[in-house]
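Now for the letters of each chain:
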Amino acid sequence: MIPIARPQVGEEEKALVWSAMESGQLAQGARVREFEEQFADFVGAPHAVAVSSGTTALHLALLGLDIGPGDEVITVAFTFTATASPILHVGATPVFIDIEPRTYTMDVDQLKAAITPRTKAIIPVSLYGLPADMTAITALAERHGIPVIEDACQAHGADRDGRRSGNWGIGAFSFYPTKNMTTGEGGIITTDDQQLADRTRLLREHGMRERYRPEILGYNFRMTDVHASIGLGQLPKLPDANARRRAIAARYDEALARVVTPFVPAGVTHVYHQYTLRVGKASEFGSRLEARGVGSNVYYPVPVHRQAPFRALGLADTALPVTERMVEEILSIPVHPALSDSDVDTVIDAVNDVARELGPPPSDS
Ligand SMILES: *Cc1c(COP(=O)(O)O)cnc(C)c1O
């Protein structure tokens, strides 16, 4: 079976992890600082604050902005649950809006309509490696004085209109093993806001600047030096790994027929965290691919507003017709850099065979 994801760590990561372990400095220390500097440089952001996961990066960004009960945070439901769970953790109210059918990212017209005086943050998701329309979203948010937190957990190294994901104000990244780069578990906040960087550093570390003297109620959301060492080995390889993803995607774009391949707007460098097709009946398509030895997956089969914690708040009836339609029709196929050229050929043949069997893709495309 050709897997949908296969994390790659090499000798560089092993050597760095080993030296961190030999140094005796295992928890957050110099390696984390070095990783923060290198990642901030890579993104072009002045500050980066490393944390324990992408989820805690989003959580800390909201806490850092002092968002809580009574505040509304606008986001999408067509994403992983962790985009929205931190909104509940801080006691704020999620407001789910729909996506654009071609990019699967936040619909800017809907955003305009959803902003109220209680809107305290906007979390667009740069999904599958394609940046949301950050140019339009940040321009609109600026006019209203609302901060934007880009969920860039799937967009390491992606660019839009000459700016990198994570460099639009506030970005949150994940380094979970299946992402475009990993630290095992880990995350990072990138920002141009010195005050937010200071406050998130404080919150990350029990609210303490000085040991045992907390200034505010904090958390332990730290990254360890062992995990940062994996990241220091991974980051220099990210450009080549992303280039390989793009090369595989280009082959798929050219060779796949009778399915809707990913749309890439002008000015976008897509980093293909996923290569996602619209195929009509996604689950049937997926089982037929599996029978041909090709792994695939639906990201994500239940939109966030209908998941239990959000359903319990009465959000399941939010009208999101594009989201509801896409969860039935989309299917991601393997695009990770561990694929060989012959794996890519196998995927192409399998997708084309199944598409021939199951008939044409959705008609409005
Ligand atoms: C992976 C991911 C997260 C959460 O990251 P973790 O490191 O797993 O906590 C959040 N949002 C999106 C869109 C993701 O893909």
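Rules behind the numbers
- Residues numbered from 1 in each chain as written.
- Predicted model: local features only at pLDDT ≥ 70, side-chain atom pairs only at ≥ 80, totals over all residues.
- Heavy atoms only, no water.
- Pairing = 2+ DSSP bridges.
- Helix = DSSP H or I, 4+ residues; strand = E, 2+ residues; numbered from the N terminus.
- Axes fitted to C-alpha atoms, helices over the stretch in contact; angles between N-to-C directions.
- Domains from an automatic or database assignment.
- Contact = heavy atoms within 4.5 Å.
- Buried area = accessible area lost by both parts, 1.4 Å probe.
- Salt bridge = Lys/Arg side-chain N within 4 Å of Asp/Glu carboxyl O.
- Polar contact = N/O pair within 3.5 Å; in protein donor to acceptor, adjacent residues only side chain to side chain.
- Left-handed = near helix turned anticlockwise from the far one by under 90°.
- Nonpolar A, V, L, I, M, F, W, Y, C, P; charged D, E, K, R; others polar.
- Patch = residues over 30% accessible without salt bridge, like charges linked within 9 Å, V, L, I, M, F, W, Y side chains within 5 Å.
- Areas by Shrake-Rupley, 256 points an atom, 1.4 Å probe, with all protein chains shown as cover.
- Phe/Tyr/Trp six-rings, centres within 6.5 Å; stacked < 30°, edge-to-face > 60°.
- Lys NZ or Arg CZ within 6 Å of the ring centre and 35° of its normal.
- Near = heavy atom within 4 Å.

## So, the sheet that holds strand 4 (residues 119-123)
Sheet strands associate in pairs through backbone hydrogen bonding, adopting either a parallel or an antiparallel arrangement.
Link 1 in the chain: Spatially, 3 strands are ordered 3-2-4 in an open sheet, and the strand pairing comes out parallel. Among the strands making up the open sheet, the edge pair consists of strand 3 (93-97) and strand 4. In this sheet, adjacent strand axes meet at a mean angle of 25° when their direction is disregarded.
Link 2 in the chain: With 4 bridges joining them, strand 2 (residues 72-76) and strand 4 adopt parallel strand pairing. From the neighbouring strand, T75 faces strand 4, where its bridge partner is I123.

## Some remarks on the domain arrangement of the protein chain
Link 1 in the chain: What the domain assignment lists for the protein chain is domain 1 (11-236) and domain 2 (238-358).
Link 2 in the chain: If you average the C-alpha positions of domain 1 and of domain 2, the two centres end up 24 Å apart.
Link 3 in the chain: Across the contact, 38 residues belong to domain 1 and 36 residues belong to domain 2.
Link 4 in the chain: Regarding the contact of domain 1 and domain 2, the summed buried area is about 3200 Å², with carbon and sulfur atoms giving 64% of it.
Link 5 in the chain: When the buried surface of domain 1 facing domain 2 is broken down by residue, F96, Y128 and N180 rank first, second and third, together holding 22% of it.
Link 6 in the chain: Remark: the boundary between domain 1 and domain 2 carries 0 salt bridges.
Link 7 in the chain: At the junction of domain 1 and domain 2, the tally comes to 18 residue pairs in polar contact (both at pLDDT 80 or more).
Link 8 in the chain: Of all the secondary structure elements, the ones that give two or more residues to the side of domain 1 that touches domain 2 are helix 4 (85-89), strand 3 and strand 6 (159-160).
Link 9 in the chain: Top element by residues in the side of domain 1 that touches domain 2 is strand 3. It accounts for 3 residues.

## Quick word on the packing of helix 3 (residues 54-64) against helix 7 (residues 194-204)
Packed helix pairs are specified by the crossing angle of their axes together with the interaxial distance, meaning the distance between the axes.
Link 1 in the chain: Put simply, helix 3 and helix 7 touch, their axes get as near as 9 Å, and they point 120° apart. The handedness of the crossing between helix 3 and helix 7 is right-handed. Across the interface between the two elements, L60, A61, L63 and G64 of helix 3 pack against L196, R199, T200, L203 and R204 of helix 7.
Link 2 in the chain: Residues of the contact of helix 3 with helix 7, tallied by class, amount to 5 nonpolar, 2 polar and 2 charged.

## Remarks on a nonpolar patch on the surface
Link 1 in the chain: Taken together, the side chains of W18, M21 and L26 define a hydrophobic patch exposed on the protein surface, amounting to about 330 Å² of accessible area.
Link 2 in the chain: If you trace the backbone, M21 turns up in helix 1 (residues 11-23).

## Describing the packing of aromatic side chains
Link 1 in the chain: Taken as a whole and judged by the stated rule, the model has 14 aromatic pairs.
Link 2 in the chain: Plain terms: the ring middles of F39 and F173 are 4.9 Å apart, the flat faces sit at 75° to each other, and that makes the pair edge-to-face. A residue pair is termed long-range when its members are at least 10 positions apart, and F39 in helix 2 (residues 30-43) and F173 in strand 8 (residues 170-174) qualify at 134 residues.
Link 3 in the chain: Taken together, F35, F39, F42, F173 and F175 form an aromatic cluster joined through their ring pairs.
Link 4 in the chain: A cation sits over an aromatic face here: R102 above F263, 3.8 Å from the ring centre.

## Concerning the site of the ligand
Link 1 in the chain: Lining the immediate surroundings of the ligand are 15 residues, of which G54, T55, Q154, S174 and K179 lie closest.
Link 2 in the chain: With respect to the ligand, the backbone of G54 contributes an N or O atom lying 2.8 Å from an oxygen atom.
Link 3 in the chain: Between the ligand and D151 there is a distance of 2.8 Å, counted from a nitrogen atom to a side-chain nitrogen or oxygen.
Link 4 in the chain: When the free accessible area of the ligand is taken as 380 Å², the share hidden by the protein chains comes to 93%.
Link 5 in the chain: In terms of residue class, the shell around the ligand is built from 5 nonpolar, 8 polar and 2 charged.

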